[in-house]
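Take a look at the letters that make up each chain.
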Amino acid sequence: MASRNNNSNSLVVPQSSQALDQLKYEVAQELGIQIPQDGYYGNMATRDTGSIGGAITRRLVQIAEQTLAGQSGSNFR
C-alpha cells in the first residue's frame, strides 16, 4: 500500500506549501517550541501545537489585512 498523507487539509494554492512550512518553523522558533525532525507531532503537548497554529493564523490574518488595505479601488468595503 502506498504511503498516505494523514493531513485532510488541502491547499487552495499548492505552491504555498513551502512558504507555510517555513512560517510554521519561524513561529515555533519565536515561541521557543522545538518541532520534531521526524514530522511526528504525537509526542508534542497540545498546548504547544495550538500555540503554533494560533500564531500562524494571527500572522496570516495580518498579512491578508495588509494586502487588502494596500489594494486601491478594492471591492471590499
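### Thoughts on the nonpolar core
Leu23, Val27, Ala28, Ile33, Ile35, Met44, Ile52, Ala55 and Ile56 together form the largest nonpolar core, which totals nine residues. Mapped by element, the contributors of at least two residues to this core are helix 1 (17-31) and helix 2 (46-70). Among all residues touching Ile35, those that are not within four sequence positions of it are Lys24, Tyr25, Ala28, Tyr41 and Ile52.

### Concerning helix 1
Taking 1.5 Å as the rise per residue, helix 1 with 15 residues should run 21 Å; its terminal C-alpha atoms sit 21 Å apart, in good agreement. Of the surrounding secondary structure, the elements contacted by the buried residues of helix 1 are helix 2.

### Some details on the packing of helix 1 against helix 2
The relative placement of two packed helices comes down to the angle between their axes together with the axis-to-axis distance. Between helix 1 and helix 2, the shortest axis-to-axis distance is 9 Å and the interhelical angle comes to 115 degrees. In the packing of helix 1 onto helix 2, the handedness of the crossing is right-handed. The segment helix 1 lies against helix 2, with Leu20, Leu23, Lys24, Glu26, Val27, Ala28, Glu30 and Leu31 engaging Ser51, Ile52, Ala55, Ile56, Arg59 and Leu60. Across the contact of helix 1 with helix 2, the residue classes break down as nine nonpolar, one polar and four charged.

About the criteria used
Throughout, a residue's number is its position along its own chain's written sequence, starting from 1. Reporting of local features is limited, given that this is a predicted model, to residues whose pLDDT is at least 70; pairs of side-chain atoms are given and counted only at 80 or more, and all residues count toward the totals for whole chains, interfaces and linings. With hydrogens and water stripped out, all remaining heavy atoms of the structure feed into the side-chain values. In these notes, a set of buried Ala, Val, Leu, Ile, Met, Phe, Trp, Tyr and Cys residues joined through side-chain atoms within 4.5 Å is what counts as a nonpolar core. The classification of residues rests on relative accessible area computed with a 1.4 Å probe and restricted to protein chains. Under 20% of the type maximum is buried, over 50% is exposed, and intermediate values are partly exposed. Strands are runs of DSSP state E lasting at least 2 residues, helices are runs of H or I lasting at least 4, and numbering of each runs from the N terminus. Any two residues whose heavy atoms approach within 4.5 Å are treated as being in contact. Every helix has an expected span of 1.5 Å times one less than the residues it contains. Throughout, an axis means a line fitted to C-alpha atoms (over the contacting stretch in the case of helices), and angles, computed between N-to-C directions, take values from 0 to 180 degrees. Left-handed is the label given to a crossing in which the near helix is rotated counterclockwise from the far helix by less than a right angle, and right-handed is the label when the rotation is clockwise. Residues are grouped as follows: Ala, Val, Leu, Ile, Met, Phe, Trp, Tyr, Cys and Pro are nonpolar; Asp, Glu, Lys and Arg are charged; all remaining types, including Gly, are polar.

By themselves, these are just geometric observations and shouldn't be taken as functional.
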